[in-house]
Amino acid sequence: MKPKTLALWERYSALPGGRWLFSRLVCFKAPYFATIRPWIRVLQPERCEVHVRKRRGVLNHIGTVHAIAMCNMAELAAGTMTEVTLPPTHRWIPKGMTVNYLAKATTDLRAVATPAATLNLETAGDYTVAVDVRDDKDTVVFSATVTMWISPRRS
């Protein structure tokens, strides 16, 4: 059985403006993500790409994209990727995140989340997701490792 979020993505992303609308729906479900105005461009099991425009609302005092805006991107990409990767019998919650700021973020950004570890559904436990945030020149400006706690849903 396909996760509901993945089925919704497949239905909306095929329509004109559907990816933008899907991204707005995710922000409606988790309102804090709306602060970065994300645009989910790719979503499939084991991969999610989230784009954010460089605009005044995400800038710091030196005119680059704020570190916490990139953390927000990383958590959104990792969580959405995990949601569509897990079978509907399981649930997830972020447990921790380690980040590295590698370069100034001076352009629009793209966060790419992929698994950093093999998913084990036999027992509840950690699932690690790697997220790289790249600028317009494809330079990695930020990287994160997001640890998700995976467990079976209660029946």
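Look up: the structure comes first, before these words.
These figures come from a predicted structure and were not determined experimentally.

Caption draft 1: Seen up close, the pattern of salt bridges. On inspection of all chains with the given rule, the structure shows six salt bridges. D126 is the partner of K95 in a salt bridge, and the nearest nitrogen-oxygen pair spans 2.8 Å. Of this pair, K95 sits in strand 3 (residues 90–101) while D126 sits in strand 5 (residues 125–134); the two residues are 31 residues apart in sequence, bridging distant segments of the chain. Relative accessible area serves as the criterion here: at 46%, D126 is assigned to the partly exposed category. When the shortest N-O distance is used, the salt bridge between D132 and R134 registers 4.0 Å. Its relative accessible area of 28% is what places D132 among the partly exposed residues. Looking at R134, the relative accessible area reads 22%, which means it is partly exposed. Salt bridges sharing common partners tie together R110, D132, R134 and D138.

Caption draft 2: Here's a closer look at a positive patch on the surface. Where like charges cluster on the molecular surface, the positive patch consists of K4, R91, R153 and R154. Take R91: it is sitting in strand 3.

Cut-offs applied
Residues numbered from 1 in each chain as written. Predicted model: local features only at pLDDT ≥ 70, side-chain atom pairs only at ≥ 80, totals over all residues. Heavy atoms only, no water. Salt bridge = Lys/Arg side-chain N within 4 Å of Asp/Glu carboxyl O. Helix = DSSP H or I, 4+ residues; strand = E, 2+ residues; numbered from the N terminus. Buried < 20%, exposed > 50% of the residue type's maximum accessible area, 1.4 Å probe, protein only. Patch = residues over 30% accessible without salt bridge, like charges linked within 9 Å, V, L, I, M, F, W, Y side chains within 5 Å. Areas by Shrake-Rupley, 256 points an atom, 1.4 Å probe, with all protein chains shown as cover. Lys, Arg positive; Asp, Glu negative; His and termini not counted. Charge placed at Lys NZ, Arg CZ, Asp CG, Glu CD.

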